[in-house]
Amino acid sequence: MLSLLELDGVSKSHRGRRVLDDVTLSVAGGTFLAVVGPSGSGKTTLLKTINRLAAPEEGRVRLDGGDVAALPLSELRRRIGYVFQGIGLFPHMDVAENIWIVPRLAGAPETEREGRVAELLDLMALPRSFASRTPRALSGGQAQRVGFARALAARPSLMLMDEPFGALDPVTRDALGRAYRALHDELGLTTLMVTHDITEAMLLADRIIVLIEGRVRADAGPAALIAGHADEAVRELVAVPRRQAERLAALAQSG
Amino acid sequence: MNAALREAVADLPGLVAAHVLLSGCAVLIGILAGLPLALWAAGSGRVRAPLLGFVGLIQTIPALALLALFYPMLLVLGRATGLGIPALGFLPALIALSLYALLPIVRNGIAALHGLDPNVIEAADGVGMTRWQRLRLVELPLGAPVILAGIRTATVWTIGAATLATTVGQPSLGNLIFSGLQTENWLRVLVGCAAAAALALVADGLLALIETGVARRSAWRLRLGAGLLAGFLLAALWPSLGASPADRTIVVGAKNFSEQYILASAIETRLAAAGYRTERRDDLGSAVAYRALAAGDIDVYVDYSGTLWTNVLARRDNPRAPVMQRELAAALARRDGVRVLGALGFENAYALAMRRARAAELGIKSIDDLARSAPRLSLASDIEFLSRPEWRSVAAAYRLRFAEQRSYNPTFMYRAIADGSADVMSAFSSDGRIAALDLVTLADPRGALPSYDAIILLSPRAAKDGKMAAALTPLIGAIPIDRMRQANLMVDRDADKRTPAEAARWLVAGIERR
């Protein structure tokens, strides 16, 4: 299958410590890939080398066969949707202006704005009346839905998501996760999601990469991963949600 | 309305225009220089600390000293480059005030840009904004209220500090304050202060309106504030916009005491009668005044032979008056192209004076007598006197040493001698208050104090203007000491006080009647 995204021997250090150590990776179009690992394992940095919010010291990142380092920065980032834990809606713009920012930067005609914004609000299951609200008037979940709408506005082929549900309460988190997964399939997106929540990764992704100390220590589908892995540290990491699920199941049965 | 108030109010429009123009330009330059600096420092930790240190350091220099420093700096720069850089007036005042405006603008600018939510900045980068787009679309709009607050602070400070521009020969509302202080015309001081305070309040209020307009994204507040600000600037600058720059204006200089204001007014009266347009540069320091004349920043002023002899020519000998005047005229013409038009007819020499009763009690008639009692007495002097060569000369000739020496501005120096808080003072022989306060001047048997004939000096450019010299020649030899003392007293006394312009009219009318 043709790969949309390729990382080839990507390495990066921070203050003398290797954050990414020779990461090589190929992601086929349409994949929902989750990157998991303990804190400080280099997950976020890996994601940022793709849209060049971080520059690798060695190695290459290719998108659609072209080296990302060769593209003008702003053009590259407009081709990639970016969603992160901090949400980062622009507080001085209303919801419509936030959603329309990427097409606006790309020079899309203003006449298309209203229709596209309405479409994206529908897509994210937000009322259309939200278009004129300020970000301050939104709940956390609503704000991140607008964050998703903003990332999707310019019809990117690749979505990069860094702990996108990290700041949300468990119920909202679950609902938005499932809603996004449905969108991913419906729109034929390719998604890279960084999360430290193994359960979330297992439930949403097609493929999971375990990153420990900057190295890829496991690369498998959720079912294969939960069934067991040769690497001790990976097994440890996966064992936690599994034990929790078993205890919850036991509780449910005894009740 | 009394004459002093009428004159102060009549001076107001021109001074307000000059004040607003100066403060406005200074704040504008502060913004144009300060915002890029703040932007640079906000992005670089290595720049931030030194920059904040530097602008903070400027702020620790007293505004008056900062203004004074630019005069010699520009003078040297003008000589070194051979360019006609004006060392006096608008330029030094503008530079000093612009530097002064930097601190609040830079500090708030850095706080505004550096303190933005990092998530918003990450989002701006993430959606693909260029550096410039991020600044224009995100950082400036979000930082605007804090940046504007800095500009507002800078504006209020600058309007206040601009009153000090008077001391480097730039007209401002300080003219009313300084000349009012020198002539004890408190109404004039009050008008100056009130006008400066009103300007600051209006500017502050309008900028506050714009600031809340930006902070609340309220378009009508923004438009109203900007519209009112533009209207206010236009109204304030109206008097200077109306002036035609075609015919040359003669700049008349004056140092910072009543006699100088009166004589400058008398010169203006004569020049106006001859059809010249005139402009004043008041409250110039003694050393500044001559250099300003030689450099052509002012065209005419009155100075005193002894001052020029010792300060400008750095001569230590003490010839008789006619010899000194002759040599002075030759030396100044040769060296600087300055023309000595002639002596007005009176002398304003430095003298040491005491209350008559106190002098009699101590048996003091001459400086020789004073030298014996001096270690038990206190001296009140004007601000310049103790650093002048005349003082060094008289102190050395008579071995003078006082128990205490204090400097005052001339007005308060007379207060100190009158109320007994000083025993001896440095007086000016033409001062009307010597007779009015019943003071005696002490004889100088060793001839340590040079003569101080008041003389009219013309700048190199004015020296070539025969019509101008002709208009001023009637003043030469026409002002005897008692007339000058009387004119000075009219201005300096507490009761039935006159303004310098009124005293000048009285003086000139007396000359023209003869």
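Residues numbered from 1 in each chain as written. Chains lettered and ligands numbered in written order. Predicted model: local features only at pLDDT ≥ 70, side-chain atom pairs only at ≥ 80, totals over all residues.

## A short note on the overall build of chain A
Here's step 1: When its secondary structure is counted, chain A shows 10 helices and 10 strands.
Here's step 2: Over its C-alpha atoms chain A spans a radius of gyration of 19 Å, differing by no more than 12% from the 18 Å that the globule rule assigns to 255 residues.
Here's step 3: By principal-axis analysis of the C-alpha atoms, chain A measures approximately 55 × 55 × 40 Å.
Here's step 4: Of all 255 residues assigned to chain A, the portion counted as buried reaches 40%. (Helix = DSSP H or I, 4+ residues; strand = E, 2+ residues; numbered from the N terminus. Rg over C-alpha atoms; globule rule 2.2 N^0.38 Å. Buried ≥ 20, exposed ≤ 12 C-beta atoms within 10 Å, placed from the backbone.)

## Some details on the interface of chain B and chain A
Here's step 1: At the junction of the two partners, chain B supplies 15 residues and chain A supplies 17 residues.
Here's step 2: At the level of secondary structure, the elements contributing two or more residues to the side of chain B that touches chain A comprise α5 (118-126) and α6 (131-161) of chain B.
Here's step 3: Among the elements that line the side of chain B that touches chain A, the one with the most residues is α5 of chain B, at six residues.
Here's step 4: Its residues assigned to classes, the side of chain B that touches chain A comprises seven nonpolar, five polar and three charged. (Contact = placed C-beta atoms within 7 Å. Nonpolar A, V, L, I, M, F, W, Y, C, P; charged D, E, K, R; others polar.)

## Considering unusual backbone geometry
Here's step 1: Unlike most non-glycine residues, Arg52 of chain A shows phi in positive territory, near 65 degrees.
Here's step 2: Here Arg52 of chain A is to be found in the loop between α1 (43-50) and β4 (58-63).
Here's step 3: With phi around 55 degrees, Asp438 of chain B is a residue other than glycine that occupies positive phi space.
Here's step 4: Summarising the element assignment, Asp438 of chain B is placed in the loop between α18 (432-436) and β9 (439-441).
Here's step 5: The class of Asp438 of chain B is exposed, set by 11 C-beta atoms lying within 10 Å.

## Section: the domain arrangement of chain B
Here's step 1: What the domain assignment lists for chain B is domain 1 (3-242), domain 2 (249-348 + 452-513) and domain 3 (350-441).
Here's step 2: Spacing between the C-alpha centres of domain 1 of chain B and domain 3 of chain B amounts to 43 Å. (Domains from an automatic or database assignment.)

## Here's the deal with the sheet that holds strand β7 (residues 404-408) of chain B
All names here are of chain B.
Here's step 1: Taken in spatial order, the five strands of this open sheet run β7-β6-β8-β5-β9, and their pairing is mixed. Because the sheet does not close on itself, it has two edges, and the strands there are β7 and β9. Pairs of neighbouring strands in the sheet enclose a mean axial angle of 35 degrees, with direction left out of account.
Here's step 2: Strand direction decides the pairing type here: strand β5 (residues 350-355) and strand β8 (residues 424-428), joined by five bridges, are antiparallel. From the neighbouring strand, Tyr350 faces β8, where its bridge partner is Phe428. (Pairing = 2+ DSSP bridges. Axes fitted to C-alpha atoms, helices over the stretch in contact; angles between N-to-C directions.)

## A short note on the sheet that holds strand β1 (residues 3-14) of chain A
Residue and element names in this part refer to chain A.
Here's step 1: The strand order across the open sheet built from four strands is β2-β1-β4-β5, with neighbouring strands paired in antiparallel fashion. Each edge of the open sheet is held by one strand with a lone partner, namely β2 (17-28) and β5 (66-67).
Here's step 2: Here β4 pairs with β5 via two bridges, running antiparallel. Note on β5: the bridge partner recorded for Arg62 is Asp67.

## Re the nonpolar core
In summary, soluble globular proteins display a tendency toward joint burial of nonpolar side chains.
Here's step 1: One finds Leu97, Val300 and Tyr301 of chain B to be the most contacted residues of the largest nonpolar core, which totals 151 residues.
Here's step 2: Here this core takes 16 residues from helix α1 (residues 3-43) of chain B, the largest share from any one element.
Here's step 3: Not counting residues up to four positions away in its chain, the partners in contact with Leu97 of chain B are Leu22, Ser23, Ala26, Thr158, Ala161 and Ala162 of chain B.
Here's step 4: Core analysis: the second largest hydrophobic core is formed by 80 residues, Val19, Tyr180, Leu192 and Val238 of chain A among them. (Core = buried A, V, L, I, M, F, W, Y, C linked by C-beta atoms within 7 Å.)

## A short note on the confidence of the model for chain B
Here's step 1: Across chain B, pLDDT averages 87, with 98% of residues at or above 70.
Here's step 2: Reported for the predicted complex are a pTM of 0.70 and an ipTM of 0.89. (pLDDT = per-residue confidence, 0-100.)

## Notes on the packing of helix α3 (residues 63-81) of chain B against helix α4 (residues 90-114) of chain B
Helix packing for two helices is described by the angle between their axes and how far apart those axes are.
Residues and elements named next belong to chain B.
Here's step 1: Two elements in contact, α3 and α4, have axes separated by 9 Å at closest approach and are oriented at 135 degrees. With respect to each other, α3 and α4 are oriented oblique. For α3 against α4, the interelement crossing comes out right-handed. Taken together, the residues of α4 that come into contact with α3 (itself represented by Ala63, Leu66, Leu67, Phe70, Tyr71 and Leu74) are Leu91, Pro92, Ala93, Ile95, Ala96, Leu99 and Tyr100.
Here's step 2: Class assignment of the residues belonging to the contact of α3 with α4 gives a composition of 13 nonpolar, no polar and no charged. (Parallel < 35°, antiparallel > 145°, perpendicular 65-115°, else oblique. Left-handed = near helix turned anticlockwise from the far one by under 90°.)

## Considerations on the packing of helix α10 (residues 258-273) of chain B against helix α22 (residues 500-513) of chain B
Residues and elements named next belong to chain B.
Here's step 1: The N-to-C vectors of α10 and α22 enclose an angle of 60 degrees; their axes lie 8 Å apart at closest approach. One finds that α10 runs oblique with respect to α22. Both α10 and α22 take part in a crossing whose hand is right-handed. Of the residues in α22, those touching α10 at Ser258, Tyr261, Ile262, Ser265, Ala266, Thr269 and Arg270 are Pro500, Ala501, Ala503, Ala504, Arg505, Leu507 and Val508.
Here's step 2: For the contact of α10 with α22, the class distribution of residues is nine nonpolar, three polar and two charged.

## Points about α1 of chain A
Residues and elements named next belong to chain A.
Here's step 1: The buried count for α1 comes to seven of eight residues, which makes it a mostly enclosed element.
Here's step 2: Those residues of α1 not exposed but buried are Lys43, Thr45, Leu46, Leu47, Lys48, Thr49 and Ile50.
Here's step 3: At the exit of α1 stands Arg52, carrying a positive phi of roughly 65 degrees.

## What about the pairing of strand β8 (residues 190-194) of chain A?
All names here are of chain A.
Here's step 1: Within β8, five of the five residues are buried, leaving the element largely enclosed by the surrounding structure.
Here's step 2: Side chains Thr190, Leu192 and Val194 of β8 all project onto a buried face; the interleaved residues Thr191 and Met193 project onto the opposite face, where all are buried too.
Here's step 3: The pairing of strand β3 (residues 32-36) with β8 spans four bridges and is parallel. Within β8, the position partnered with Ala34 by the bridge is Met193.
Here's step 4: Crossover strand β7 (residues 158-162) to β8 through helix α7 (residues 170-187) is right-handed. (Right-handed = clockwise from strand over helix to strand, strands pointing away.)

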